[in-house]
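# Survey of secondary and tertiary structure
Each chain, written out:
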Amino acid sequence: MAVPKRKTSKQRRNKRRASSYRLNKTTVVECPNCHETKLPHRVCPSCGYYDGKEVVAMD
C-alpha cells in the first residue's frame, strides 16, 4: 500500500482546501441592443429586450 514519504505541511494542505472557498466569477455579456452588461440568457434590465425582441416595456 502506498504511504506518504513526508508529512503534508499546513500551508500545502490549506492551499488545496482554499479552492472550495473561492467564489466563482459571474459571466456577464453585452446587450446587443443597448450595449449594457447583463447576465446571459436573461432579459436586459436596462432596455427590456431579449433575443432581439422587446419582452418587457421599459420607460
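Per an unreviewed UniProt entry, the protein chain is named Large ribosomal subunit protein bL32, and its organism is Peptoniphilus stercorisuis. UniProt lists a comment for the protein chain under the heading Sequence similarities (unreviewed entry), and it reads "Belongs to the bacterial ribosomal protein bL32 family."

## Re the environment of Pro-40
You can see Pro-40 is positioned in the loop between strand 2 (37-38) and strand 3 (49-50). A C-alpha to C-alpha distance of 6.5 Å links Pro-40 and Val-28, two positions twelve residues apart in sequence. With near-sequence residues (within four places) excluded, Pro-40 lies in contact with Thr-27 and Val-29.

## Section: the environment of Cys-44
Here Cys-44 lies in the loop between strand 2 and strand 3. For the pair Cys-44 and Asn-33, spaced eleven residues apart in the sequence, the C-alpha separation amounts to 8.9 Å. Sequence-distant contacts of Cys-44, defined by excluding residues within four places in its chain, comprise Cys-31, Cys-34, Lys-38 and Tyr-49.

About the cut-offs
Residues numbered from 1 in each chain as written. Predicted model: local features only at pLDDT ≥ 70, side-chain atom pairs only at ≥ 80, totals over all residues. Heavy atoms only, no water. UniProt positions renumbered as here; feature names shortened; annotations may be inferred. Helix = DSSP H or I, 4+ residues; strand = E, 2+ residues; numbered from the N terminus. Contact = heavy atoms within 4.5 Å.

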